[in-house]
Amino acid sequence: MRIAVASGKGGTGKTTMAVNLAAMLQSTGQSTALVDCDVEEPNAHLYLPVQWEQDRDHHVPVPRINASACLGEECSKCIELCRFKALIWMADEVMTFPELCHACGLCMTACPAKCIDEGQRLTGKVRCGFVDQGPAKGLELSSGELRVGEAMAPPLIKEVKGTARDRDIQIWDCPPGTSCPVIAGLHGADAVLLVTEPTPFGLHDLNLAVQLVRRLELPFGVVVNKAGLGDNRVEQYLEKEGIDLLGLIPHGMDAARACASGRLLIELDGYRDAFERIWSRVLPLTKERTS
Ligand code: SF4
Ligand code: SF4
C-alpha cells in the first residue's frame, strides 16, 4: 500500500505528518518504509536516527555526439526532434546542452548515422537505510538529494521511489507545490493525504493541490495541521467540496518545540491518538482505488 503525503505549499507540516505516520505504523509492528521524495530539500532523516546502508550517485543518459560521423547540417534530424531545444547546429557541428536534456533518448534512436551514444549527467544522490533505535526502530528510509544546479527533480524522485524495498506500507513524503516534482511523487500512489494549515495561504494552496489530485483521479483526504491556529475557512471549504477531513493535528507549543528539536510528535501525550485516527480514515481511501 502506497500513501503519498502532499501539500500545495511548503511549511504546512507535510514531513511531520509523513514521518510520524510512518513511525507510528512501524511501532505497531507493521512493515513500513518512508520515502522522502522531496529531493530538493530532504529532511525526513532529521527526525529519525538512521543507519545508512546505501549512498550512491544517480545519473541520467544524455547524448554524446561523434562529430566525425555526423551527416552534417543537411540531416539535423536530432535537432528537429528534440522538443526541449537541447541540441542546436553551431560552428559546423551539433552542439549539446546537457542541462536542457530530458533524457528521452529520442535523438539517439533516430540518428540515421548512429553517431549519438550515451553520456551521463549527474542528478544527485540516493540513500537508503534503517532506523536503528527508538519507537520507529526497523523503519526503512529512502531519500534523495538533488545536485546543486540540477533543474530536473523527477528522474531522481523516480529512482528514490524505486530504491524503496517492498514493505507492506510505503509512505511517500512528496515535494510541496503542484508542479512536475509533485506529479512524479504522486505517481502510483493508492491514496493521497493532503496536509494544510488553517490560514488563508493554506486554503489557497490546498485548493490548487485538490485540483491536481482530482485531475490525476487519485483518492484523497485532508489533514489540518496546527488546528486552532487560524480560522475555520478550510473546514468550510472541505464541506462545500465534499472532501473527507481525515483529522486534525492540534497546534501547541509542545509540538512546535518537539519539531524544532527533531523529536517525533507520537511521543507526546495525545498526538499518537491523532495519527492513529488519521490512519484509520486513510485505509478506506485505498479501497476506493482498488474497487
Ligand atoms: S535525449 Fe531527448 S531531450 Fe535529450 S537531447 Fe535527445 S531528444 Fe533532446
Ligand atoms: S541525427 Fe545524427 S547525423 Fe543527423 S545531425 Fe544529428 S547527429 Fe548528425
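Heads up: these notes are all about the structure in this document. For clarity, every value in this text was computed on a predicted model and none was experimentally measured.

Points about the overall build of the protein chain
Then, in step 1: Of the regular secondary structure elements, the protein chain holds nine helices and 11 strands.
Then, in step 2: Viewed in the frame of its principal axes, the protein chain has a C-alpha envelope of about 70 × 45 × 40 Å.
Then, in step 3: By the burial criterion, 44% of the 291 residues in the protein chain qualify as buried.
Then, in step 4: Restricting to contacts in the protein chain with at least 6 residues of sequence separation, those with at least 24 account for 76%.

Brief notes about the site of ligand 1
Then, in step 1: Around ligand 1, the surrounding shell holds 13 residues, and the nearest of these are Cys82, Ala86, Cys101, Cys104 and Cys107.
Then, in step 2: Grouping the constituent residues of the shell around ligand 1 by class yields 11 nonpolar, two polar and no charged.

Describing the environment of Pro61
Then, in step 1: Mapped onto the fold, Pro61 is located in strand 3 (residues 50-65).
Then, in step 2: Those residues in contact with Pro61 that lie beyond four places of it in its chain are Ala103, Gly105, Glu118 and Gln120.

Some thoughts on the packing of helix 6 (residues 200-215) against helix 7 (residues 233-241)
Then, in step 1: For the pair helix 6 and helix 7, the least separation of the axes is 10 Å and the interaxial angle reads 25 degrees. Compared by their axis directions, helix 6 and helix 7 come out roughly parallel. In the crossing of helix 6 with helix 7, the sense of the turn from one axis to the other is right-handed. Note on element contacts: helix 7 touches helix 6 through Arg233, Val234, Tyr237 and Glu241, opposite Gly202, Leu203, Leu206 and Val210.
Then, in step 2: Among the residues making up the contact of helix 6 with helix 7, the classes are represented as five nonpolar, one polar and two charged.

Regarding the sheet that holds strand 7 (residues 140-146)
Then, in step 1: Pairing within the open sheet is mixed, and its nine strands lie in the order 3-6-7-2-8-1-9-10-11. This sheet does not close on itself; its edge strands, each paired only once, are strand 3 and strand 11 (245-250). Across the sheet, the axes of successive neighbouring strands diverge by a mean angle of 20 degrees, strand direction being ignored.
Then, in step 2: With four bridges connecting them, strand 2 (residues 32-36) and strand 7 associate as parallel partners. Counterpart to Leu34 in the pairing with strand 7 is Leu141.
Then, in step 3: Sheet strands in contact with helix 1 (residues 14-27) are strand 1 (2-6), strand 2, strand 8 (169-173), strand 9 (191-196) and strand 10 (220-227), and its direction is about 165 degrees off that of strand 8.

Overview of the site of ligand 2
Then, in step 1: Every one of the 13 residues lining ligand 2 counts as a neighbour, but Cys70, Leu71, Cys75, Cys78 and Cys111 are closest to it.
Then, in step 2: In terms of residue class, the shell around ligand 2 is made up of 11 nonpolar, one polar and one charged.

Quick word on the nonpolar core
Then, in step 1: Grouped together as the largest cluster of nonpolar side chains are 70 residues, with contacts concentrated most on Val5, Leu34, Val192, Leu193 and Leu194.
Then, in step 2: Here this core gets eight residues from one element, more than from any other, and that element is helix 1.
Then, in step 3: Counting residues in each nonpolar core, the second largest holds 13 residues, with Ile65, Cys82, Leu87 and Ala103 among its members.

What about the environment of Val160?
Then, in step 1: Among the secondary structure elements, Val160 is positioned in helix 4 (residues 154-163).
Then, in step 2: According to the C-beta neighbour criterion, Val160 is buried, with 29 such atoms within 10 Å.
Then, in step 3: For the pair Val160 and Asp38, spaced 122 residues apart in sequence, the C-alpha separation works out to 9.9 Å.
Then, in step 4: Residues contacting Val160, with those up to four places away along its chain left out, are Val35, Cys37, Val39, Val126, Ser142, Ser143 and Gly144.

About the cut-offs
- Residues numbered from 1 in each chain as written.
- Chains lettered and ligands numbered in written order.
- Predicted model: local features only at pLDDT ≥ 70, side-chain atom pairs only at ≥ 80, totals over all residues.
- Helix = DSSP H or I, 4+ residues; strand = E, 2+ residues; numbered from the N terminus.
- Buried ≥ 20, exposed ≤ 12 C-beta atoms within 10 Å, placed from the backbone.
- Contact = placed C-beta atoms within 7 Å.
- Near = placed C-beta within 6 Å.
- Nonpolar A, V, L, I, M, F, W, Y, C, P; charged D, E, K, R; others polar.
- Axes fitted to C-alpha atoms, helices over the stretch in contact; angles between N-to-C directions.
- Parallel < 35°, antiparallel > 145°, perpendicular 65-115°, else oblique.
- Left-handed = near helix turned anticlockwise from the far one by under 90°.
- Pairing = 2+ DSSP bridges.
- Core = buried A, V, L, I, M, F, W, Y, C linked by C-beta atoms within 7 Å.

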